[in-house]
Amino acid sequence: MKREKFLLLLACFLMLGMASTCSDDIIPEPAVLDVPTGISLHSATQTSLTFQWSPVTGATSYDWKLEKGTAQVQTGSSSARNATVSGLEPGTGYRFSVRAVASEATSGWSSAFSASTE
C-alpha cells in the first residue's frame, strides 16, 4: 500500500506541479475490517473442536489460532465462518481466536474463546 500511495503522490506532483495540492481524497485508505464476534463452540469430541462465529462484512476468509496455556497449538484459515480443529488431547482446555481477512486488510484478533475436548 505504501508503494501505491507513493505512486499516486508522484502522479499528483507531475500533473499539478506540487504534491501538497493533491487531496487526500485521491489516495484510498486501506480497508478496515471489524474483529469477528459471536464465537461459539458448535461441537466437541475427545480429539476435535468445531467453532463458528458471526460473519464480518468485507471479509473473504478468516485466520484462526488455537492455544493451550500460553503455547500456540494450531493455526489455519477458512473461507467459511467455522473451523474444525482436530488432533487434540482428550479432556483438555484450549483457547480459540479468529481474525477477518480481505485482499488488503486484516482485522485484529478476537477475544479468546475457551473450550475443552471431551
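As shown above, the structure is provided for reference.
Residues numbered from 1 in each chain as written. Predicted model: local features only at pLDDT ≥ 70, side-chain atom pairs only at ≥ 80, totals over all residues. Heavy atoms only, no water.

An account of the sheet that holds strand β5 (residues 82-85) is needed here, citing residue identities and associated values.
In sheet architecture, strand pairing relies on hydrogen bonds along the backbone and comes in two forms, parallel and antiparallel. Overall, antiparallel pairing links the three strands, which are arranged β1-β2-β5 in an open sheet. Looking at the sheet topology across the chains shown, the edges are occupied by β1 (40-44) and β5. Recorded for the sheet is a direction-independent mean angle of 20° between the axes of neighbouring strands. One ladder, built from four bridges, connects β1 with strand β2 (residues 49-52); its direction is antiparallel. Bridge pairing links Ser40 to Gln52 in β2. (Pairing = 2+ DSSP bridges. Helix = DSSP H or I, 4+ residues; strand = E, 2+ residues; numbered from the N terminus. Axes fitted to C-alpha atoms, helices over the stretch in contact; angles between N-to-C directions.)

Residue-level account of the environment of Asp34, with values.
Structurally, Asp34 can be placed in the loop between α1 (2-16) and β1. Given the relative accessible area of 55%, Asp34 is considered exposed. For the pair Asp34 and Gly108, spaced 74 residues apart in sequence, the C-alpha to C-alpha distance is 7.8 Å. With near-sequence residues (within four places) excluded, Asp34 lies in contact with Val56, Ala100 and Ser107. (Buried < 20%, exposed > 50% of the residue type's maximum accessible area, 1.4 Å probe, protein only. Contact = heavy atoms within 4.5 Å.)

Which residues make up the environment of Ser110, and what are the values?
Along the polypeptide, Ser110 turns up in the loop between β7 (105-106) and β8 (113-116). Counting along the chain gives 13 residues from Ser110 to Ser97, while the straight-line C-alpha distance between them is 5.4 Å. Aside from chain neighbours lying at most four places away, what touches Ser110 is Val35, Pro36, Ile39, Ser97 and Val98.

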